[in-house]
Amino acid sequence: CILGNTAASPLAYPCLARFDVPMISYVSEMEGFLRDHLHPQTVRNMLDFTDQFITVSSPVGAGLRNKGVAAERIRVIPCGITEYPTSLDEVRRTELLRSLGVNADTPVIWGCGTLSAIKGTDWFYEICHHVYDAGIQHFQAIWAGIWCGRRCAGRGPPVPRRVRQ
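Residues numbered from 1 in each chain as written. Predicted model: local features only at pLDDT ≥ 70, side-chain atom pairs only at ≥ 80, totals over all residues. Heavy atoms only, no water.

What the protein contains, in helices and strands, is 7 helices and 7 strands. Secondary structure elements of the protein occur, N-terminal to C-terminal, as β-α-β-α-α-β-α-β-α-β-α-β-α-β. By residue count, 30% of the 165 residues in the protein fall in the buried class. Summing over all exposed atoms, the protein offers an accessible surface of approximately 10,700 Å²; the carbon and sulfur share of this is 55%. (Helix = DSSP H or I, 4+ residues; strand = E, 2+ residues; numbered from the N terminus. Buried < 20%, exposed > 50% of the residue type's maximum accessible area, 1.4 Å probe, protein only. Areas by Shrake-Rupley, 256 points an atom, 1.4 Å probe, with all protein chains shown as cover.)

Pasting the structure below:
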């Protein structure tokens, strides 16, 4: 099978269809992103060539249904990750937190993805400020990701004061 794991993957679907194997599209983008940021033919390719969709949330799946995708072709895996019990023991957890400069008893607000406005860094920043302004000032805000440059957003995103790459 072929797994398209980005919104840009469907650009290649017509060519990949020659392999005559099932195509799965991993979709994390909301309906508005598909409409506003992708060429209509890219979306059409995704809808026409995908045998099964994996979405990261029910709202993303609803957006695909709004585009005519049958519910039985959509599987929602929250956050796109199947949950498994962690094997991170207390020693490894403490070492990991220490490497990030965080005390084990400090609450952490995490964000993850490329550093671009379309990934929600602006919202992450706003949420952290709202938490702080609400009087909760004993926490760390950490965004794990890399800056993707002009090709992603066309401008530098607002990011938290402390960024780990």
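Below, the discussion takes up the nonpolar core. Counting residues in each nonpolar core, the largest one holds 13 residues, and the members touching the most others are Val 27, Leu 34, Met 46, Leu 47, Phe 53, Leu 64 and Val 69. At 3 residues, the largest contribution of residues to this core is made by helix H3 (residues 40-49). Contact partners of Val 27, with chain neighbours within four places excluded, come to Met 46, Phe 53, Ile 54, Thr 55, Val 56, Val 60 and Leu 64. Within the second largest apolar cluster, 5 residues are counted, among which are Cys 128, Phe 139, Ala 141 and Trp 143. (Core = buried A, V, L, I, M, F, W, Y, C linked by side-chain atoms within 4.5 Å. Contact = heavy atoms within 4.5 Å.)

On average, residues of the protein score 78 in pLDDT, and 78% of them are at 70 or above. Taken as a whole, residues 150-165 scores under 50 in pLDDT and shows 40 contacts with residues more than four places along the chain or in a different chain. (pLDDT = per-residue confidence, 0-100.)

A positive phi angle, near 55°, is found at Asp 20, a position not held by glycine. Looking at the secondary structure, you find Asp 20 in the loop between helix H1 (13-16) and strand S2 (23-27).

On the basis of which strands lie adjacent, the open sheet formed by 4 strands has the order S1-S2-S3-S4 and parallel pairing. Each edge of the open sheet carries a strand with a single partner, namely strand S1 (2-4) and strand S4 (74-76). Direction aside, the axes of adjacent strands within the sheet are offset by 20° on average. (Pairing = 2+ DSSP bridges. Axes fitted to C-alpha atoms, helices over the stretch in contact; angles between N-to-C directions.)

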